[in-house]
Structure formats: structure tokens, C-alpha cells
Amino acid sequence: MTYPTQPTASHFIDGQYVEDTAGTPIPVIYSATGKQIATVHAATPAIVEQAISAARRAQDGWAALSGTERGRILRRAADMLRDRNHDLSVLETYDTGKPYQETSVADATSGADALEYFGGMAATLTGEHIPLGGGDWAYTRREALGVCVGIGAWNYPTQIACWKAAPALACGNAMIFKPSETTPLCALKVAEILHEAGLPAGLYNVVQGMGEVGAALVGDPRVDKVSLTGSVPTGRKVYAAAAQGMKHVTMELGGKSPLLVFDDADLDAAVSGAILGNFYSSGQVCSNGTRVFVQKGILEPFLARLSERLAQAVIGDPLDPETSFGPMVSEAQMKIVQGYIAKGLDEGARLVTGGRQIARDGFYLEPTVFADVTDDMTIAREEIFGPVMAVLSFDDEDEVMARANATEFGLAAGVFTRDLERAHRVVAGFEAGTCYINTYNDAPVEMPFGGSKLSGVGRENSKAAIEHYSQLKSVYVRMSPLEAPF
Ligand code: NAD
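Residues numbered from 1 in each chain as written. Predicted model: local features only at pLDDT ≥ 70, side-chain atom pairs only at ≥ 80, totals over all residues. Heavy atoms only, no water.

Peer 1: Help me out: how do you make sense of unusual backbone geometry in this one?
Peer 2: What is expected of a backbone is that most residues other than glycine have negative phi and most peptide bonds are trans. A positive phi angle, close to 55°, is found at Asp-372, a residue other than glycine. Looking at where Asp-372 falls in the secondary structure, it is placed in the loop between β15 (368–371) and α13 (378–381). Overall, the relative accessible area of 42% leaves Asp-372 in the partly exposed class. The backbone of Phe-385 sits at a positive phi, close to 60°, despite the residue not being glycine. For Phe-385, the position within the fold is in the loop between α13 and β16 (388–394). (Helix = DSSP H or I, 4+ residues; strand = E, 2+ residues; numbered from the N terminus. Buried < 20%, exposed > 50% of the residue type's maximum accessible area, 1.4 Å probe, protein only.)

This is the structure in C-alpha cells:
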């Protein structure tokens, strides 16, 4: 594996890399070794100011282009992401620790899909003609919001950067993106590529920093919209701060999603779904189906097959294409997950497999499965964000639906069954924004993605995202004589 070209400075503003070493240094740690591979500096107030004024200056001109022109640049950037997929995937692996086997098919490629999809859609964004009485009519104009702020989590840094940039730019907005301080590198490469593809300076800026930099961006009156991918506690703060300025928001937050396995399910497919929904990216996926409800009759065969399959995981150097399971993103996240494993044991769950740190450099935990989990246990209620599956058992559909929905979260939910009617009845009953039948965690750009309840507001991807990056202006046109009472 060749080491990819690293970004050359901490921030990308107004079409170029910008450094300000007065900002707090943030070490970038490669989680497979625990070694520092780079340093970025948190944005100072001067950097935040530079980014906001660059975005403000550039936005009007961008919105005034035709959708076809904007879309062409996004689609060119999509092609460049695909052409450079190898290097970008290696960088994503260094940034997150996720195995190259995953990053080479799920990160820059998913970012490219978003840029291609919204690039194609840019030219189709129009208003509506509304005929009214007496020959009058109205029309709507679909207009950009202005300057959008994107704030990212650390699990999918390239994907999150693109999922927010693509619809924002397609609609004629400018964006300032703040990556997670844990994974600051990939978004800079996205910025570099967008500009190489022809994006005018100032329209996609990346600034680094912790929560306070995010908060400074959200609180600035020149910012019109905030899209956060993060945890529920951060979502509460950001939503509240955005409300002060009545700003538009998209909140992609955490979850504790249910995955139901009925006794008529294809057992191997259900085990695959549970593996994908708990151990992909070492379990660091917001929509994971971490409460796996298995119907009693197939509980032991399910656990046996699951253990057999988990024993086949190739755990090791994430840059080795054979590796299928890598480290946690950081030592801090590993410790949080270890705390949950200890709670699972303390509260009486049965450890089926895993549970330990792996004896090698870096932050590796074994894929872990608990059975005999009950609804009140901490590991069944709180988002763990690591490779820990909680298996619960159930008798019948009514009972499991009530238990599946008994959570404050509502990001995703899945069902494995061969009974078509039951599958659709069950998803209709799920209190969740993104549902799966006989699969788990697919997130194609064509399908809306997002949560209900505490898991979020708004949708990413698909035509639905356009609603969250544009606004309607209504225009009444009077053709008939206008009368007034006096
Ligand atoms: P986090 O909430 O700690 O941080 C998210 C981002 O918010 C970071 O960039 C952080 O610097 C920033 N931030 C923190 N405080 C802020 C403030 N007051 N104002 C503005 N910005 C602030 O989340 P994390 O630990 O990076 O990521 C894990 C969480 O993200 C999990 O809960 C996971 O479920 C969620 N997530 C959700 C989705 C989704 O699409 N629904 C996707 C990935 C991750």
C-alpha cells in the first residue's frame, strides 16, 4: 500500500489551503498503531471569519449560474473521486482505522454517488406554476438558502463531507464544513477535488476544530443552515443554537435500532444482516441494528451460526485488503465501548463471544455478542457505537413490535422474514426513519436517509434532501383588475 498524499495544511478556505498555527494543535492518530500521523490546528476566530466571509462572497454568483453549469462541476468531481478511489480509500483508512476492504467500496465511492446524483439533479430544480381564479396565477421559485454549515462525525469522514456538500452545492448554496476533530483529513481532499473540478473559490471551505469551532459557525448570523451528523446530546445543543437564528437544520443523530429475526427467516441471510448491522466499520455506524430480537424457536441456531461466522472475521492491519475487521477509531471510543461490555457482564447478559481487547498495537476490540439481554439492560438502551451486539429473544409479533419501538431513538429498523405480509406490516409499525426488509444498512443515494424521534430531523440523500437545502419563494401574479375597499 502506498501512503497517500496528505493534505498540506489544516484548513481549506476560498479555494486554497490555509494554515494558522496559533490554533490549538489536534493530533491525528492512526488507530491501527496508536501512532500520530499528522497534526492539524483548530480554527482561530480569524480562520472562522475568513471562511464565513469567503462563503458569503461566493454564494450569490454560484446561485446565479444555471443548474446545468453547477451540476457539471459536481459530476466532474464525482469522476475524479472515482479515479482517485485507491488513494482516497487509503487516506480514509488512516483517518478512521476502517479496513481498506471497506473504504475502497464505501467511502469515496459513496461520496462520488452523491456528487453524481445531485450533480444530475441540479438542472432539474424548478418551481411550480399555479393557476388561480380570474386568470391570475402564482409561481414558485426554488432558491438557495445561502451559507450552509456542515458538521461531521468521525465514522465516515469522506461520505459525510460529500453527502452534505452535494445537495447544498447543487441547490446554489456555499458550504463551510467542520470535520470531526478525530478524523480531520478526508474532507480536505474533498475540497481539493471539488476545486480542481472547477468549483469557484469560497463555495466549499473546510475548517478544523472541536465543538467550539462548530458552535462559532452555528451561532454566526451570516449562516443560514446547519447540517449535523453526530450524537443526540450534540444535536440538542446545535439545534437549540440554530433556533436562536431560526436557521434551517438537518440533524443526523444516534440510534439504538432494532433488527427483528422471525423464525421463518433465511437463517444465513439474517446472520449476514446482523453482522453487517453490528460489525461493519467495527460497529461504528449510526443506523446499526444493535438490538437483535430473535424469535425463540431459532435463538440457539442463530447464535451458533453467528459465532461460526464471526470466527471467520479477518482481524488485523486495515491496509491489508484481506482484513475484514479493524480497530476502533480512537482509544477514547475503545474505552467507552469497554465500559459498556463491563456493564453487560455486570447486569447479567450472557457473553456468547468476544468481549476483550485484542493484544496488538492500536485500539482493537473483539467482535462481541451478548445473549439473554433484557430490555432494561444498559446495553439494550444506550447507543454503544462499537462492535457489541445485544441479542434479545421474543415470542410473537405484537410483543416484539412494542419492545422494538420502546426507545427514544428512531433512526433505523430491520426485519428478516419470508412472510411478505408480515414484513410490510412490521415496517409500517416501526417508529424509525429508515427501514430494511431482509437486508440491513444499505444506504444508496437514491433513498432518503434519516431518523425520527431523537434520532434526527430532515433527510439526507434522494430528492428529499433538496427540500432541506433550498427554500420556496411564492409569487402571486395578478392579471385581473385589482380592487381595494377604499
Ligand atoms: P459528536 O456528537 O461528539 O460530534 C459530532 C460533531 O459535532 C463533531 O464534529 C464535533 O466537533 C461537533 N460538535 C460537538 N459539540 C458541538 C457544539 N456545541 N456545536 C457545534 N458542533 C459541535 O459525535 P461523534 O462522536 O463524532 O460521532 C458519533 C455519533 O454520531 C454517534 O451518536 C452516531 O450515531 C452519530 N452519527 C449519526 C449519523 C447519522 O447519519 N444519523 C452518522 C454517523 C454518526
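Let's pick the thread back up.
Peer 1: What is the right way to read the side chain of Thr-417 from this model?
Peer 2: Note that Thr-417 resides in the loop between β18 (412–416) and α15 (420–429). Take Thr-417: its relative accessible area is 3%, and that puts it in the buried class. Of the polar contacts made by the side chain of Thr-417, one reaches the side chain of Asp-264; its length is 2.8 Å. Other than its neighbours up to four places away in sequence, Thr-417 contacts Phe-262, Asp-264, Ala-265, Arg-422, Ala-423 and Asn-438. (Polar contact = N/O pair within 3.5 Å; in protein donor to acceptor, adjacent residues only side chain to side chain. Contact = heavy atoms within 4.5 Å.)

Peer 1: I tried to follow the packing of helix α6 (residues 157–170) against helix α7 (residues 186–196) on my own but got confused; where do I start?
Peer 2: Helix-helix packing is described using two parameters, namely the angle between the two axes and the distance between the axes. At a minimum axis distance of 8 Å, the contact between α6 and α7 shows a crossing angle of 40°. Here α6 lies oblique to α7, going by the angle between them. Of the two possible hands of crossing, α6 and α7 adopt the one that is right-handed. Listed contacts from α7 to Pro-157, Thr-158, Ala-161, Cys-162 and Leu-169 of α6 are Cys-186, Ala-187, Val-190 and Leu-194. Split into classes, the residues belonging to the contact of α6 with α7 amount to 8 nonpolar, 1 polar and no charged. (Axes fitted to C-alpha atoms, helices over the stretch in contact; angles between N-to-C directions. Parallel < 35°, antiparallel > 145°, perpendicular 65-115°, else oblique. Left-handed = near helix turned anticlockwise from the far one by under 90°. Nonpolar A, V, L, I, M, F, W, Y, C, P; charged D, E, K, R; others polar.)

Peer 1: Mind showing me how you'd approach the site of the ligand here?
Peer 2: Among the 28 residues in the neighbourhood of the ligand, the closest are listed as Gly-152, Glu-181, Ser-231, Thr-234 and Glu-383. Between the ligand and the protein, one listed contact pairs an oxygen atom with a side-chain N or O atom of Thr-234 at 2.6 Å. The contact in question runs from a nitrogen atom of the ligand to an N or O atom on the side chain of Glu-252, over 3.3 Å. In the complex, 87% of the free accessible area of the ligand, which totals 860 Å², lies under the protein chains. When contributions to the shell around the ligand are tallied by element, the ones reaching two or more residues are α8 (211–219), β10 (225–229) and α9 (232–244). (Near = heavy atom within 4 Å. Areas by Shrake-Rupley, 256 points an atom, 1.4 Å probe, with all protein chains shown as cover.)

Peer 1: Is there a simple way to explain the packing of aromatic side chains in this structure?
Peer 2: Between two aromatic rings, the relevant description is the distance of the centres plus the angle of the planes. Tallying each qualifying case throughout the model produces 8 aromatic pairs. Plain terms: the ring middles of Trp-137 and Tyr-139 are 5.7 Å apart, the flat faces sit at 35° to each other, and that makes the pair tilted. On the accessibility criterion, Tyr-139 (31% relative accessible area) is partly exposed. Here the basic side chain of Arg-422 rests over the ring of Phe-262, its NZ or CZ set 4.0 Å away from the ring centre. (Phe/Tyr/Trp six-rings, centres within 6.5 Å; stacked < 30°, edge-to-face > 60°. Lys NZ or Arg CZ within 6 Å of the ring centre and 35° of its normal.)

Peer 1: Explanation requested: the sheet that holds β18 in the structure shown.
Peer 2: Strand pairing within a sheet occurs via backbone hydrogen bonds; the two strands may be parallel or antiparallel. Taken in spatial order, the 7 strands make up an open sheet running β14-β15-β16-β13-β12-β18-β19, and their pairing is mixed. With partners counted over all chains shown, the strands left at the sheet margins are β14 (350–353) and β19 (434–437), one partner each. This sheet shows a mean twist of 20° between the axes of neighbouring strands, independent of strand direction. As judged from the 5 bridges shared by strand β13 (residues 291–295) and β16, these two strands associate in the parallel manner. When the sheet's bridge partners are listed, Gln-295 is paired in β16 with Phe-394. Contacts from helix α12 (residues 331–346) reach β14, β15 and β16 within the one sheet, and its direction differs from that of β15 by about 25°. (Pairing = 2+ DSSP bridges.)

Peer 1: I would appreciate a short explanation of the pairing of β18 in the present structure.
Peer 2: In the case of a regular strand, side chains alternate between the two sheet surfaces. Buried residues dominate β18, accounting for 5 of its 5 residues. Residues Ala-412, Gly-414 and Phe-416 of β18 are buried on one face, and the alternating residues Ala-413 and Val-415, pointing to the opposite face, are buried as well. Bridge count between strand β12 (residues 258–261) and β18: 3 bridges; the pairing is parallel. Within the sheet, the bridge partner assigned to Leu-259 lies in β18 and is Gly-414. As paired elements, β18 and β19 share 4 bridges and run parallel to each other. Residue pairing for β19: Ala-412 is matched across the bridge by Thr-434.

Peer 1: What exactly am I supposed to notice about the pairing of β12 here?
Peer 2: Judged by which residues are buried, β12 turns out to be covered on both faces: Pro-258 and Leu-260 on one side and Leu-259 and Val-261 on the other are all buried. Looking at chain direction, β12 and β13 are connected through 4 bridges and run parallel. Of the residues in β13, the one forming a bridge with Val-261 is Val-294. Once you follow β12 into helix α10 (residues 267–279) and on to β13, the crossover reads as right-handed. (Right-handed = clockwise from strand over helix to strand, strands pointing away.)

The values reported here are purely geometric and, on their own, carry no functional implication.
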